[in-house]
Amino acid sequence: MQESIMNQNAALTAALSVKNGRPMTYHVATFGCQMNAHDSEKLKGILMASGFVEGSEDEADFIIYNTCTVRENADLRVYGRLGYLNGLKKKRPGLKIALCGCMMQEAHVVEKIRRSYPFVDLVFGTHNLYTFPELLNRLLKGEKQIIDVWEDGAGEAESLPSVRNYTFKSGVNIMFGCNNFCTYCIVPYVRGRERSRRPEDILDECRRLVSEGVIEVMLLGQNVNSYGKNLEGEPVSFARLLKEVAAIEGLERVRFMTSHPKDLSDELIEVMASTPKICHHLHLPVQSGSTGLLKVMNRRYSREAYLDLVARIRAAVPDISLTTDVIVGFPGETEEDFADTLSLIEACGFDSVFTFEYSRRTGTPAASMENQVPAEVVKARFSRLLETVRKTGQKAVSRFEGQILPVLVEEKNREEGLMTGRTEHNILVHFPGDDAMIGRILPVRLESCQGFYYLGHICKE
Ligand code: SAH
Ligand code: SF4
Ligand code: F3S
């Protein structure tokens with residue numbers, strides 16, 4: 001069904017190419033998390049199968065923004081860019097503009113687009129991404145402003161074409177949505193309830209990727225540790241799935257994100273410790289170091305439980321790289337709460353901490369809490385947080401100085417003659433090399449730690 005529509009689209013696109021005397025081009029801009037980035041690979045696949053080739057934003061015939069709404073500045077960036085797109089469209093009347101992704105799942109956003117951005121040609125949401133071939137078809141046939149956003153999912157399409165951003169590594173969705181309802185977070189509202197994909201489908205996809213040359217997969221979900229809870233038939237834990245993925249011949253590295261601390265099992269720790277292909281990196285968002293605030297955030301673990309978890313992980317996997325997310329200025333955050341966050345960061349030895357100022361998201365419980373923290377207090381705490389993160393991060397990352405570690409070479413560095421790769425700990429290393437190394441795992445000596453990354457040299461075996 002999807003395939004025949006895409007063939008039809010390709011015929012319509014081919015006719016336009018003949019008329020214009022050049023190929024029709026697309027541009028996909030992605031905002032937000034790894035899951036959105038992975039969705040964008042599917043959008044690109046559909047556009048390719050529909051006869052478009054990739055082009056820059058300045059010249060493309062079809063521009064689509066895959067949006068994020070987790071914090072207000074993500075929304076503001078999209079609105080800002082829309083003004084620019086309107087200008088482009090005036091110069092190039094044939095240009096089609098589409099918006100999709102998490103922001104489109106919010107009624108007030110769609111209303112605003114309908115009212116104030118009439119030049120947007122197509123709007124759809126996260127639940128009907130797989131109907132993009134049909135929506136594109138209607139657009140190619142001349143329909144004007146199509147808005148089609150669903151309240152929830154009628155299932156996910158299992159076999160959409162995709163254009164991978166890298167040939168040697170790929171994300172793989174293992175679940176969609178989230179049931180946790182942390183009180184600050186909009187994700188459960190825009191991505192819907194948690195759904196796990198069937199293990200056979202995940203394993204098939206991983207095997208197919210490996211047969212296409214992929215050596216590293218990243219299993220994706222908002223809370224991978226609760227994988228399998230809503231599957232029919234015999235339950236499958238995340239740890240078991242991970243073990244089965246790692247057993248695929250030809251696959252070299254397995255990563256996953258994100259882990260919610262409340263659901264991280266001893267079984268997972270054991271599997272990480274005993275399965276060499278599973279990378280020693282764990283992104284374990286803590287959000288706050290204060291038990292009181294964690295409770296109001298509905299995170300369902302205490303400071304002590306988090307510290308205990310970190311200690312158990314470190315005991316089982318001593319070289320583990322831990323990274324986390326922290327929110328500053330959640331409603332009601334006191335100076336003491338904030339001090340608890342700083343001391344937790346100092347105690348945990350994170351390699352990096354992603355820091356966010358609390359952003360009020362319409363419709364979430366925290367948005368209507370009365371004790372919002374004044375902006376200047378948030379700003380001041382944020383700078384103190386950055387200072388702590390810089391110091392502790394540098395200290396943690398430098399623990400590898402002088403070691404020779406396997407590095408997956410990913411791309412050319414901006415600096416002439418240098419390549420960039422990652423250790424299994426997700427630490428970036430820049431070293432002299434050439435394009436032929438891309439996609440290979442090579443031994444690199446991590447010579448000097450430059451804060452969050454290393455400079456090094458390849459070691460001859
Ligand atoms: N599912 C993941 C996180 C997804 S959102 C998890 O539970 O850990 C990524 C990060 O954005 C969160 O970890 C949180 O730190 C941040 N975030 C989410 N909502 C936010 C908000 N309203 N304001 C500021 N930061 C927020
Ligand atoms: Fe948001 Fe919490 Fe779900 Fe993560 S676990 S996506 S922070 S609601
Ligand atoms: Fe943003 Fe949606 Fe991801 S809101 S963080 S793109 S799930």
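The rules we used
- Position labels on residues start from 1 in each chain and follow its written sequence.
- The order in which chains are written sets their letters, starting at A; the order in which ligands are written sets their numbers, starting at 1.
- At least 70 in pLDDT is required for a residue's local features to be given in this predicted model, at least 80 for side-chain atom pairs to be given and counted, and no such filter applies to totals for whole chains, interfaces and linings, which use all residues.
- Heavy atoms from the whole structure form the basis of all side-chain values; hydrogens and water molecules are not counted.
- A strand pair is defined by DSSP finding two or more bridges across the two strands.
- The secondary structure listing takes helices from DSSP runs of H or I that are at least 4 residues long and strands from runs of E that are at least 2 residues long, numbered from the N terminus.
- In what follows, a contact means two residues having at least one pair of non-hydrogen atoms within 4.5 Å.
- To get an axis, a line is fitted to the C-alpha atoms, and for a helix only the part in contact is used. The angle between two axes follows their N-to-C directions and goes from 0 to 180 degrees.
- Near residues are defined by distance, with any heavy atom within 4 Å of the molecule or strand qualifying the residue.
- Residues are grouped as follows: nonpolar covers Ala, Val, Leu, Ile, Met, Phe, Trp, Tyr, Cys and Pro; charged covers Asp, Glu, Lys and Arg; every other residue, Gly included, is treated as polar.
- Buried means the residue's accessible area, taken with a 1.4 Å probe over protein chains only, is under 20% of the maximum for its type, while exposed means over 50%, and partly exposed covers the values in between.
- Note on definitions: salt bridges are taken to be side-chain nitrogens of Lys or Arg within 4 Å of carboxyl oxygens of Asp or Glu.

A. Representation of the sheet that holds strand S2 (residues 53-54). The six strands are arranged S2-S1-S3-S4-S5-S6 in an open sheet whose pairing can be described as parallel. A strand with exactly one partner marks an edge of an open sheet, and here the two such strands are S2 and strand S6 (146-148). Note: strand S4 (residues 96-101) against strand S5 (residues 122-124), two bridges, orientation parallel. Bridge pairing links Ala98 to Leu122 in S5. Here helix H2 (residues 34-49) sits on the sheet in contact with strand S1 (25-30), S2, strand S3 (62-67), S4 and S5, set at roughly 170° to S1.

B. Looking closely at the sheet that holds strand S13 (residues 321-328). Strand order in this open sheet of three strands is S12-S13-S14, and the pairing throughout is parallel. At either end of the open sheet lies a strand with only one pairing partner, and these are strand S12 (281-283) and strand S14 (352-357). Strand-to-strand, the axes of this sheet are offset by a mean angle of 15°, without reference to chain direction. In this sheet, S14 lies alongside S13 in parallel orientation, the contact comprising six bridges. Bridge pairing in S14 places Thr324 opposite Val353.

C. Structural view of the site of ligand 2. Near ligand 2 the following residues occur: Cys178, Asn180, Phe181, Cys182, Tyr184, Cys185, Val187, Pro188, Gln222, His260 and Arg299. The residue inventory of the shell around ligand 2, partitioned by class, reads seven nonpolar, three polar and one charged.

D. Here's a closer look at the side chain of Lys44. Take Lys44: it is sitting in helix H2. Those residues within four positions of Lys44 in sequence are excluded, and the remaining contacts are Tyr26, Val28, Glu54, Val163 and Asn165.

E. Region of interest: the environment of Asn426. One can find Asn426 in the loop between strand S16 (418-422) and strand S17 (428-432). Overall, Asn426 belongs to the partly exposed group, its relative accessible area being 29%. In this structure, the C-alpha to C-alpha distance between Asn426 and Phe238, residues 188 residues apart in sequence, is 21 Å.

F. Up close: the pattern of salt bridges. Within the structure shown, the criterion is met by 31 salt bridges. Between Arg138 and Glu143 there is a salt bridge, with its nearest N and O atoms 2.9 Å apart. Among the residues examined, Arg138 registers a relative accessible area of 33% and is labelled partly exposed. Between Glu410 and Lys169 there is a salt bridge; the shortest N-O distance is 3.1 Å. Of the two residues, Glu410 sits in strand S15 (residues 404-412) while Lys169 sits in strand S7 (residues 169-173), which places them 241 residues apart along the sequence. What makes Glu410 buried here is its relative accessible area of 4%. The exposure class assigned to Lys169 is buried, which follows from its relative accessible area of 18%. In this structure, a network of salt bridges that share partners links the residues Glu333, Glu335, Arg381 and Arg384.

G. A look at unusual backbone geometry. That bond from Met257 to Thr258 is cis: its omega, 5°, falls within 30 degrees of zero. Counting through the fold element by element, Thr258 comes out in the loop between strand S11 (253-257) and helix H9 (266-274). Unlike most non-glycine residues, Asn298 shows phi in positive territory, near 65°. Even without a glycine there, the phi angle at Asn426 is positive, about 70°.

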